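This is what each chain is made of:
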Amino acid sequence: MEKDTMPLVGRFAPTPSGRMHLGNVFAALLAWLSVRSRGGELVLRMEDLDTQRTSPEFARILREDLTWLGLTWDRETPAQSTRSRIYDACFEQLAGMGLLYPCYCTRSQLHSVNAPHLSDGTYIYPGTCRDLTEAQRQSFSRKPAWRLRVPDREYALEDKCCGSFRQNLNRECGDFLVRRADGVYMYQLAVVVDDGLSGVTEVVRGRDLLESAPRQIYLQELLGFEKPQYAHVPMLLSSDGRRLSKRDRDLDLGQLRSRMKPERLIGWLAHAAGLLDKEESVSARELAKEFSWERVKKEDIFANTDCFCR
Ligand code: GLU
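Quick caveat, the model's predicted, so the values are computed rather than measured.

Caption draft 1: Geometry of the overall build of the protein. A tally of helices and strands in the protein yields twelve helices and twelve strands. Over its C-alpha trace the protein gives a radius of gyration of 20 Å, about what one expects of a compact globule, namely 19 Å for 310 residues. Out of the 310 residues belonging to the protein, those deemed buried represent 50%. Here the protein displays about 15200 Å² of accessible surface, and carbon together with sulfur accounts for 48% of that area. Taking the 45 positively charged and 44 negatively charged side chains of the protein as two groups, their mean positions are separated by 3 Å.

Caption draft 2: Expanded view of the site of the ligand. Near the ligand the following residues occur: Arg11, Ala13, Pro14, Thr15, Glu47, Tyr187, Val191, Arg205 and Leu209. In this structure, Glu47 approaches the ligand through a side-chain N or O atom, which is 2.6 Å from a nitrogen atom. Grouping the constituent residues of the shell around the ligand by class yields five nonpolar, one polar and three charged.

Caption draft 3: Seen up close, the pairing of strand 1 (residues 9–12). Burial along strand 1 is two-sided: Val9 and Arg11 facing one way and Gly10 and Phe12 facing the other are all buried. Following the backbone out of strand 1, through helix 1 (residues 22–36) and into the adjacent parallel strand 2 (residues 41–45), one traces a crossover that is right-handed.

Caption draft 4: Region of the structure containing the packing of aromatic side chains. Throughout the structure, instances matching the rule amount to six aromatic pairs. Ring plane angle 65° and centroid distance 5.9 Å describe the contact between Phe91 and Tyr185, whose orientation is recorded as edge-to-face. Placement of the pair is Phe91 in helix 3 (residues 84–96) and Tyr185 in the loop between strand 8 (176–179) and helix 7 (187–197), with a sequence separation of 94 residues. With respect to class, Phe91 is no different from Tyr185; both count as buried.

Caption draft 5: Examining the sheet that holds strand 8 more closely. Read across the sheet, three strands follow the order 4-5-8 without closing on themselves; strand pairing throughout is antiparallel. The open sheet has two free edges, formed respectively by strand 4 (100–103) and strand 8, since each of these has just one partner strand. Between one strand axis and the next, the sheet turns by 45° as a mean value, whatever way the strands run. The pairing of strand 5 (residues 145–148) with strand 8 spans three bridges and is classified as antiparallel.

Caption draft 6: Structural view of the sheet that holds strand 1. Pairing is parallel across the open sheet formed by three strands, whose spatial order is 1-2-3. Because the sheet does not close on itself, it has two edges, and the strands there are strand 1 and strand 3 (75–77). Put simply, the sheet's adjacent strands are angled 35° from each other on average, direction ignored. As defined by bridge partners, strand 1 adjoins strand 2 across four bridges and the pair is classed as parallel. Considered in strand 2, the bridge of Phe12 is made with Leu44.

Caption draft 7: Region of the structure containing the side chain of His232. By the secondary structure assignment, His232 is in strand 10 (residues 229–233). With a relative accessible area of 0%, His232 lands in the buried category. One polar contact links His232 to Asp159, side chain to side chain, over a distance of 2.6 Å. Of the polar contacts made by the side chain of His232, one reaches the side chain of Arg205; its length is 2.9 Å.

Caption draft 8: Structural view of helix 3. Taking 1.5 Å as the rise per residue, helix 3 with 13 residues should run 18 Å; its terminal C-alpha atoms sit 18 Å apart, in good agreement. Buried residues belonging to helix 3 abut strand 4, strand 5, strand 8, helix 7 and helix 8 (213–223). Positive phi appears at Gly98, one or two residues downstream of helix 3, with a value of about 75°.

Caption draft 9: Here's a closer look at the nonpolar core. Among the nonpolar cores identified, the biggest contains 52 residues, and Phe12, Leu22, Leu30, Leu71, Leu265, Leu269 and Trp293 are the most heavily contacted of them. If you list the elements that add at least two residues to this core, you get helix 1, strand 2, helix 2 (56–69), strand 10, helix 9 (253–259), helix 10 (262–273) and helix 11 (284–288). Here the element with the most residues in this core is helix 1; it accounts for eleven residues. Sequence-distant contacts of Leu22, defined by excluding residues within four places in its chain, comprise Leu236, Leu244, Leu251, Leu256, Leu265, Trp268, Leu269, Thr305 and Phe308.

Quick notes on the rules
- Residues numbered from 1 in each chain as written.
- Predicted model: local features only at pLDDT ≥ 70, side-chain atom pairs only at ≥ 80, totals over all residues.
- Heavy atoms only, no water.
- Helix = DSSP H or I, 4+ residues; strand = E, 2+ residues; numbered from the N terminus.
- Rg over C-alpha atoms; globule rule 2.2 N^0.38 Å.
- Buried < 20%, exposed > 50% of the residue type's maximum accessible area, 1.4 Å probe, protein only.
- Areas by Shrake-Rupley, 256 points an atom, 1.4 Å probe, with all protein chains shown as cover.
- Lys, Arg positive; Asp, Glu negative; His and termini not counted.
- Charge placed at Lys NZ, Arg CZ, Asp CG, Glu CD.
- Near = heavy atom within 4 Å.
- Polar contact = N/O pair within 3.5 Å; in protein donor to acceptor, adjacent residues only side chain to side chain.
- Nonpolar A, V, L, I, M, F, W, Y, C, P; charged D, E, K, R; others polar.
- Right-handed = clockwise from strand over helix to strand, strands pointing away.
- Phe/Tyr/Trp six-rings, centres within 6.5 Å; stacked < 30°, edge-to-face > 60°.
- Pairing = 2+ DSSP bridges.
- Axes fitted to C-alpha atoms, helices over the stretch in contact; angles between N-to-C directions.
- Expected span 1.5 Å × (residues − 1).
- Contact = heavy atoms within 4.5 Å.
- Core = buried A, V, L, I, M, F, W, Y, C linked by side-chain atoms within 4.5 Å.

Below, the structure written as structure tokens:
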């Protein structure tokens, strides 16, 4: 099928590790508008690989918060914590291509590496365990994590918000982890498998994940999935330039819901995004009628949140 005639499928992929904050709602609103304004389908998936940090109760509240906001979805795919069999099969596929190797580096070893870091805090892996001999591997008593070899090649995307972005995986990222030593699969693998298997054609999420996209495009290519369209939306910053996050408790949905109607919050976010000339109450459904990516601001947004704190 030609790309233009493929059905449009977007997704919400929240991590149920706490209440949504303004930044999460901002990205979810844009994902919703982009799909609904063009009659597409929306999939919800709970990204709960890290079962220590996430919980079914947070997942329940997340669904309730999205519903309160009017950000509806058409189907929910199984949570990541239930899908290790499927990730196992993809892991085996990559192993069969000779692209995986065990990594015995400890956390402290990795942190002491004087290597440059990516903006998301991960470092460029120097390849310490890449070419260990079988005898060297046998000499470790601990269980290894597993890394994927990356090629000395650029992976590029045309992002609806960020424009062209490219990264040479070998020089700018290094071989990356796909499975932890305790057997838990990493976000990069799970997200590609899940988006691919649920037919996602458009990924809208925060700009903090832009640097993950080339790794994901590489994995899509290896596993035979179509590359979706991407929009990495601006981050909401506090007036002192900090990213709003789950730590800003006064701006999470638990607090905000008790203080205002959803239309006021949606209107405030739409104004911050550049979709409304002035701040006014509006529903997501009304906004969808006029939505266009061209109007969405491209730079990170300094958000004056004082009105929420009173
Ligand atoms: N689960 C991630 C988060 O909540 C989003 C991952 C993605 O959209 O690819 O930040």
